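Letter by letter, the chains look like this.
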Amino acid sequence: MIRVYNGDAYGVQEEEYDRNQSLQFFLNGHKNEYILIYRGDRLLKVLSYYDVLYRREVPEKVLYLNRDLFQEARELFFSYEKADDRWNRAVAVCSGPDDAGCPRDVECILYYQQNLTSFIYLASEFEDYTFEEGLDLELLSRADTYIFEEFEEYTAFICDVLERKFPEKKKIFLDENADIFSCFPFHYCIGSRDTPFQNADDVLHDSPDGKSHQMMDGQEKGLGQNAVYITSEREKDFFGRRFQKNIYSSLDIMTALFWQKKETGFGDLHPDKKFLLIRFPVYSSGLGDVIRFCMTKAAAVEFRKLDYIPVIDLSVPDGGNSFSGGREENIWEDFFEPLNEYRPEEVLQSRHVLLCSDKMDAFNPYMMEQYHNAGHMRAIYKKYLRLNEEMKAYIDPIRKRFFGNSEEHVLGVVARGTDYRYGGFDVPKPMEDTAYIELVQEKMEEWGCTSLLLATEDADIFEKFRQAGFGDRLKYLDQERFQYTDVNTKGLLVAKMKKADNDYHDEMPYLAVLYLLAECSALLSNCRCGAFEVADFVNGGRYEHRYCCGEGEVE
């Protein structure tokens, strides 16, 4: 994503440039600022902290204000093939050349930042895109007013799409940098970050440059329900934060606009059919994650009423399949029935295929909206998540053993630990063990539960529950459990603790536990995680109570 910098910059003549002095400048509290290199009065280029630190070659280049500015900057930054070479590259934007061909005043600096979900996980990049037919405009059709936190590459494009397709909608920037870009071919208003935005219908007037500027009158009339707020944040955790209605990142909106552009063709089979090929980078993900992402992708297509037929293919190449001992197999069908009669092999020979192949598809707001729509997700799970015959034969006797007494009220207890406790991922931190055990005891009494079914892969938590005095009321399935022995080792996923030849048979107890949880009268979890979500959706809304620590009783 290309962002706008309009702060302090240090100017230096080309012959006076000294790397050590420049590096010292950045290290003295100026890492987020820039150095402008001049040859006489002529601006040559911009140096960032990373340019100086890594001795990167920086071309003599400036850009001029024009309506294609971001496209030109994108071409410049993406001329570097490696993402690390693009990181924090910068270019000056000037008002135009003078009669001698020299750049005039520097209006701002454009700089490149990768789209990240966290410090280490890259998300989608939009290297080359244009306004064209075929964009998915459903999200932009919803509101009357769109409020942008920041003027940057993506918000500029989104604003342009709104101007072309929905000219009647109000577009408001809370970033004074928007004033710089009066040459852009769309109209917008300017609000203030410092003044709480109260009303999209506050007084507007036309300025000499043809733009409409927001006049804040401070009246607390309220923005109302028919407005969308667009942030420019790049970091995002997938499941740790509750979905906020009508608040999206600019990357969310871009993904919504372009997600159907991934359609491709592999052959001439089924020319009259369109397929959604759901793939997932399994690697070290847990089975709960795999189920959630696959079902959410199917839900998004149904929500949009698109005529794509969902097909799941989890045959991960290059030894990255932790459920098959590294073999390239479609492990979905080791646990579940295919979603329909179409096979992945057929899809890979078909004419119309929409690829949905990345965990980072979580930036697709249609998918995240559905993920947080419990009613719709329960319907999707009922329609598509069907155990195969082997799993049924495995789970049915266990279910009868645990739920033979129809009068018994069993509390399903999810105790997520291991990597959630120490791994430093973008996930909610579980409640502390002793406090959680006390909460379980409290909820058992409050909800009239006569026993509890404990679901945990954490050996330490399991032992604490065994020692907590539940006696015969504590039920659990014998399964492999793990101990996080080195709390200083970040990123040690549960999947990496498992034996090298782990295959789907080793995962059958975990899946059985999820289905046993779905049979309980109530569900309690020490944080929001895959086991809680999958059990909830498989249960289909029959729980008398659902409680998730950090959120309270879930409606």
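Refer to the structure presented above.
The numbering scheme is per chain: residues are counted from 1 as the chain's sequence reads. The predicted nature of this model means local features are confined to residues of pLDDT at least 70 and side-chain atom pairs, given and counted, to a pLDDT of 80 or more, with totals for whole chains, interfaces and linings taken over all residues. Only hydrogens and water are set aside; all other atoms, that is, all heavy atoms of the structure, feed into the side-chain values.

Colleague: What is the right way to look at helix α18 (residues 530-539) in this model?
Modeller: Because an α-helix packs 3.6 residues into every turn, residues spaced three or four apart end up facing the same way. Buried means the residue's accessible area, taken with a 1.4 Å probe over protein chains only, is under 20% of the maximum for its type, while exposed means over 50%, and partly exposed covers the values in between. Counting from the N terminus, the helices are DSSP H or I runs at least four residues long and the strands are E runs at least two residues long. Within α18, 9 of the 10 residues are buried, which leaves the element mostly enclosed by the surrounding structure. Those residues of α18 that sit buried are G530, A531, F532, E533, V534, A535, D536, F537 and N539. G540 lies just past α18 and shows a positive phi near 75°.

Colleague: Can you help me understand the layout of surface pockets in this one?
Modeller: Where empty space is left can be seen by rolling a probe of water-molecule size over the atoms. Cavities and pockets are defined on a 1 Å grid built over the protein atoms alone: a cavity is a set of grid points where a 1.4 Å probe fits but cannot escape, while a pocket is an open set with protein on both sides within 12 Å along at least five of seven lines, and lining residues are those with an atom within 4 Å of any such point. Grid points are joined across faces, edges and corners, and a volume is the space filled by probe spheres set on the points. Looking at the second largest pocket, its volume works out to about 340 Å³. Forming the boundary of the second largest pocket are 17 residues, of which R67, D68, Q71, F157 and D160 lie nearest the centre. Taken together, the elements giving at least two residues each to the lining of the second largest pocket come down to α3 (69-77) and α5 (153-165). A total of 5 residues in the lining of the second largest pocket trace back to one element, the largest contributor, which is α5. Three classes are used, and their members are as follows: Ala, Val, Leu, Ile, Met, Phe, Trp, Tyr, Cys and Pro are nonpolar, Asp, Glu, Lys and Arg are charged, and the others, Gly among them, are polar. Among the residues making up the lining of the second largest pocket, the classes are represented as 9 nonpolar, 2 polar and 6 charged.

Colleague: Even after reading the chapter, I still don't get helix α12 (residues 389-402), so can you show me in this structure?
Modeller: Here α12 contains 14 residues, and its C-alpha end-to-end distance of 20 Å stays within 8% of the 20 Å for a straight helix at 1.5 Å per residue. What the bend at a residue measures is the angle between two axes, fitted to the seven residues ending there and to the seven starting there. The largest bend along α12 reaches roughly 25° and is located at I395, with the proline P397 sitting one to four residues downstream. Burial in α12 covers these residues: M391, I395, I398 and F402. Looking at the packing, one finds that the buried side of α12 touches α8 (332-335), β20 (451-455), β21 (474-476) and α17 (504-517). N-capping of α12 is provided by N388, with a side-chain oxygen placed 3.3 Å from the backbone N of E390. One less than the number of residues in a helix, times 1.5 Å, gives the span that helix is expected to have. Any two residues whose heavy atoms approach within 4.5 Å are treated as being in contact. Counted as a polar contact is a pair of N or O atoms within 3.5 Å, where, for protein atoms, one must be capable of donating a hydrogen and the other of accepting one, and residues adjacent in sequence contribute only when both atoms are in side chains.

Colleague: What's the story with a negative patch on the surface in this structure? I'm lost.
Modeller: Patch membership is restricted to residues that have no salt bridge and whose relative accessible area is over 30%. Joining uses 9 Å for like charges and 5 Å for the nonpolar side chains Val, Leu, Ile, Met, Phe, Trp and Tyr. What sets the accessible areas is the Shrake-Rupley method with a 1.4 Å probe; for residues, cover comes only from the shown protein chains. For this document, the term salt bridge refers to a Lys or Arg side-chain nitrogen within 4 Å of an Asp or Glu carboxyl oxygen. In summary, the charge assignment counts Lys and Arg as positive and Asp and Glu as negative, without counting His or the chain termini. A single reference atom marks each charge: NZ on Lys, CZ on Arg, CG on Asp, CD on Glu. A cluster of acidic residues, D68, E75, E127 and D128, forms a negative patch at the surface. Tracing the sequence through the fold places E127 in the loop between β7 (106-112) and β8 (145-148). Overall, E127 belongs to the partly exposed group, its relative accessible area being 47%.

Colleague: Quick question: what am I supposed to make of the sheet that holds strand β15 (residues 263-264) here?
Modeller: Sheet strands associate in pairs through backbone hydrogen bonding, adopting either a parallel or an antiparallel arrangement. When DSSP locates at least two bridges between a pair of strands, those strands are taken to pair. The mixed open sheet is built from 4 strands, whose spatial order is β15-β18-β16-β17. Of all the strands in the sheet, the pair left with one neighbour each is β15 and β17 (308-312). Summarising the sheet, strand β16 (residues 274-278) and β17 pair through 5 bridges and their orientation is parallel. Of the residues in β17, the one forming a bridge with I278 is I312. Each of β16, β17 and β18 (353-356) touches helix α7 (residues 287-303); the most contacted strand, β16, lies at about 155° to it. Axis lines are fitted through C-alpha atoms, for helices just across the contact stretch, and the angle between N-to-C directions can take any value from 0 to 180 degrees.

Colleague: Where do I start with empty space enclosed by the protein in this structure?
Modeller: One pass over the structure, following the stated rule, counts 4 cavities of 30 Å³ or more. What the largest cavity holds in volume is close to 70 Å³. Of the residues contributing to the lining of the largest cavity, the split by class is 8 nonpolar, no polar and 3 charged.

Colleague: Looking at this structure, how should I read the packing of aromatic side chains?
Modeller: How two aromatic rings sit relative to each other is given by the distance of their centres and the angle of their planes. Working definition: rings of Phe, Tyr and Trp (its six-membered ring) pair if their centres are within 6.5 Å, and the pair is stacked with planes under 30 degrees apart, edge-to-face with planes over 60 apart, and tilted otherwise. As enumerated under the stated definition, the model contains 38 aromatic pairs in all. Ring centres of F151 and F184 lie 5.8 Å apart, and the angle between their planes is 70°; this geometry places the pair in the edge-to-face category. With F151 in the loop between β8 and α5 and F184 in the loop between β9 (170-173) and β10 (189-190), the pair connects residues that are 33 residues apart, well separated along the chain. Both residues of the pair, F151 and F184, count as buried. Summarising the aromatic geometry, the rings of F335 and F336 are spaced 6.3 Å apart at their centres and angled 55° between planes, so their arrangement reads as tilted. Taken as a pair, F335 and F336 share a single burial class, namely buried. An aromatic cluster is defined as three or more aromatic residues linked by ring pairs; in this entry it consists of F70, F148, F151, F173, F181, F184, F186 and Y188.

Colleague: What is the right way to look at the side chain of N364 in this model?
Modeller: With respect to the helices and strands, N364 occurs in the loop between β18 and α10 (365-371). Residue classification places N364 among the buried positions, given a relative accessible area of 1%. Apart from residues no more than four positions distant in its own chain, N364 is found in contact with T255 and W259.

Colleague: Looking at this structure, how should I read the packing of α7 against α17?
Modeller: When two helices pack together, their arrangement is given by the angle between their axes and by how far apart the axes lie. Put simply, α7 and α17 touch, their axes get as near as 10 Å, and they point 60° apart. The orientation of α7 with respect to α17, classified from their angle, is oblique. Every residue of α17 that contacts α7 at L287, G288 and I291 is listed here: E507, Y510, L511 and L514. Looking at the contact of α7 with α17, its residues break down into 5 nonpolar, 1 polar and 1 charged. With respect to orientation, any angle under 35 degrees is reported as roughly parallel, any angle over 145 as roughly antiparallel, any angle of 65 to 115 as roughly perpendicular, and every other angle as oblique.

Colleague: Got a minute to help me understand the packing of α7 against α18 in this structure?
Modeller: Look at α7 against α18: their axes get within 8 Å of each other, and the N-to-C directions meet at 50°. Relative to α18, the element α7 lies oblique. The hand of the α7/α18 crossing is left-handed. Taken together, the residues of α18 that come into contact with α7 (itself represented by G288, I291 and R292) are G530, E533 and V534. The residue makeup of the contact of α7 with α18, split by class, is 2 nonpolar, 2 polar and 2 charged. Rotating anticlockwise by less than a right angle from the far helix to the near helix defines a left-handed crossing, while the corresponding clockwise rotation defines a right-handed one.

Colleague: Is there a simple way to explain the pattern of salt bridges in this structure?
Modeller: Any two side chains of opposite charge can pair if their charged atoms end up close together. In the structure shown here, the tally under the stated rule is 30 salt bridges. We note a salt bridge from D313 to R279, for which the minimum N-O separation is 3.5 Å. Of the two residues, D313 is situated in the loop between β17 and α8 and R279 in the loop between β16 and α7; the sequence distance between them amounts to 34 residues. The class for D313 is buried, based on a relative accessible area of 6%. With a relative accessible area of 28%, R279 lands in the partly exposed category. E446 is the partner of K443 in a salt bridge, and the nearest nitrogen-oxygen pair spans 3.2 Å. Of the two residues, K443 and E446 both sit in helix α14 (residues 433-447), 3 residues apart, roughly one turn of that helix. Given the relative accessible area of 7%, K443 is considered buried. Residue classification places E446 among the partly exposed positions, given a relative accessible area of 48%. Overlapping salt bridges, with partners in common, bring together E14, R39 and E60 in one network.

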